[in-house]
Amino acid sequence: MAGGHNPYVRPDGSLDVARIRQDFPILERRVHGRPLVYLDNAATSQKPRQVIDALADYYRRYNANIHRAIHCLGEEATAAYEATREKVARFIGAPGPECIVFTRNTTEAINLVAYAWGLANLKPGDAVVLTEMEHHSNIVPWQLVAQRTGAKLHYVPFTAEGELDLEAFERILRLEPRLVAVTHVSNVLGTVNPVEEITRKAHAAGAKVLIDGAQAVPHKPVNVSRIGCDFYAFSGHKMLAPTGIGALYARRELLEEMPPFLGGGSMIRRVTPEYSTWADIPTKFEAGTPNIADGIAFGVAVDYLQRVGMEAIQQHEQRLNAEALRLLEGEEDIVIYGPRDPSRRCGLVSFNFKHVHPHDVAQILDARGIAIRAGHHCCQLIMRRLDVAATARASFYLYNTIEEIHAFWKALDEVRKVFGKHGG
């Protein structure tokens, strides 16, 4: 942390996880009589008391609608809400706050691009490139838009090692696509995709680039200016902020050109019986009263992450990931999915017992106070490629410990006790 001592980082550069955990009240909980071990961070993160307090403080002290009020409460709320936009812009390396549109989440941000940019720019036969790694939120909107415009979807496969097949990507680029939409980090495989290289090659082929950053922004430094992408979407709730708030970064000239996504109050400049004109960006894309309280708390979450340091968080998660992979790789009855090199993935591990359904695994671990996720993780294309119905997934964050990784691993023996070594 620049400008003084960082209470969250030890002199050797590692996180002081015990100090960090003091900020998260929920980690004091016991579940089924056991200490909570929360390893479902890819679904949503827990919230520090600073974020919880900011949310309550808004409702206690200056609850008011923003942008149009002249009174003190409205001005305070507006200043706090717009301060978050500036913080988010700096956090991801955007050129300015006008390039940040607040949304409910990553899904809404991608839908905004699909409908406001896609419907206006895609024509019959145009190629849109997706990957087999995508979350449904970066597939379904493009399917819907393709049905309306006649555009054609093309999918980049991934290799047996769980990494994008970049040679196949380059072959698909010969189709001269209008758009490439790709996840920065897979929420199943953990793979960190080379988005700078992908963006450079896509632009050379004449395509715009949208990146789903939901699993990247919380866990590693991200700079959209360095990446060079046209759109970048992410959610607040995966990065310590409340649910219901997220953001879309888009290049200023694209936002200027795109029509509104939703119509109503706030996003207009003038309304007549015959037509309306639009407010400046980003307000043009933020119709109606926004999620003010959660937006303000989003800014506090960004402050918290910046104070800890994204490089330190990334290194901590890689240590956790490396230990989890080391332990699981030694189990003959477990299959691991995704790259084995911790430096090539973010902090999650998807796995399966060879003869036990992942839902059963998650239920047994829950009885021991350990929260993981089991299912298709909104990635049915990945499941089809892996030839499984679902996977179990343990995902890590800045407040998780090596001891929790060991507790998770040891709890897997309970699965074997119930189902036997071979699931029988």
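Note that this is a predicted model, so its numbers are computed, not measured. (Residues numbered from 1 in each chain as written. Predicted model: local features only at pLDDT ≥ 70, side-chain atom pairs only at ≥ 80, totals over all residues. Heavy atoms only, no water.)

(A) Here's a closer look at the sheet that holds strand 8 (residues 208-212). Here seven strands make up an open sheet; going across it, the order is 4-10-9-8-7-5-6 and the pairing mixed. Both outer strands of the open sheet, strand 4 (100-103) and strand 6 (152-156), are each paired with one neighbouring strand and no more. In this sheet, adjacent strand axes meet at a mean angle of 20 degrees when their direction is disregarded. Sheet topology places strand 9 (residues 231-235) next to strand 10 (residues 246-250); five bridges connect them, and they run antiparallel. The partner of Phe234 across the bridge, within strand 10, is Ala247. Across the face of the sheet, helix 4 (residues 106-121) comes into contact with strand 4, strand 7 (179-183), strand 8, strand 9 and strand 10 while running at roughly 150 degrees to strand 9. (Pairing = 2+ DSSP bridges. Helix = DSSP H or I, 4+ residues; strand = E, 2+ residues; numbered from the N terminus. Axes fitted to C-alpha atoms, helices over the stretch in contact; angles between N-to-C directions. Contact = heavy atoms within 4.5 Å.)

(B) How the structure looks around the packing of helix 6 (residues 166-173) against helix 7 (residues 195-204). In contact at an axis separation of 10 Å, helix 6 and helix 7 are set at 20 degrees when each is read in the N-to-C sense. As far as their axial angle goes, helix 7 and helix 6 are roughly parallel. When you trace helix 6 past helix 7, the crossing you get is right-handed. Counting all contacts with helix 6, which are made through Leu166, Phe169, Glu170 and Leu173, the residues of helix 7 involved are Glu197, Ile198, Lys201 and Ala202. Of the residues assigned to the contact of helix 6 with helix 7, the class counts are five nonpolar, no polar and three charged. (Parallel < 35°, antiparallel > 145°, perpendicular 65-115°, else oblique. Left-handed = near helix turned anticlockwise from the far one by under 90°. Nonpolar A, V, L, I, M, F, W, Y, C, P; charged D, E, K, R; others polar.)

(C) Up close: the packing of aromatic side chains. Applying the stated rule across the entire model yields 13 aromatic pairs. Ring plane angle 45 degrees and centroid distance 5.2 Å describe the contact between Tyr8 and Tyr304, whose orientation is recorded as tilted. Taken as a pair, Tyr8 in the segment before helix 1 (17-21) and Tyr304 in helix 10 (residues 292-308) lie far apart in primary sequence, 296 residues in all. Site record: aromatic cluster; members linked through ring pairs are Tyr8, Phe24, Tyr304, Tyr397 and Tyr399. One residue, Arg385, lies across the ring of Phe158, its end atom 4.9 Å from the ring centre. (Phe/Tyr/Trp six-rings, centres within 6.5 Å; stacked < 30°, edge-to-face > 60°. Lys NZ or Arg CZ within 6 Å of the ring centre and 35° of its normal.)

(D) Local environment of the pairing of strand 6. Relative to strand 6, strand 5 (residues 127-131) runs parallel, the two sharing five bridges. Residue pairing across strands places Leu130 opposite Tyr155, the latter belonging to strand 6. The parallel pair strand 5 and strand 6, bridged by helix 5 (residues 140-149), forms a crossover whose chirality is right-handed. (Right-handed = clockwise from strand over helix to strand, strands pointing away.)

(E) Unusual backbone geometry, seen in detail. Note that the residue after Ile281, namely Pro282, is joined by a cis bond; omega there is 0 degrees. Take Pro282: it is sitting in the loop between strand 12 (276-278) and helix 10. Residues other than glycine seldom take positive phi values, yet Ser266 does so here, at roughly 75 degrees. Turning to its location among the elements, Ser266 is positioned in the loop between helix 9 (252-257) and strand 11 (268-271). Even without being glycine, Asp387 reaches a positive phi, approximately 60 degrees.

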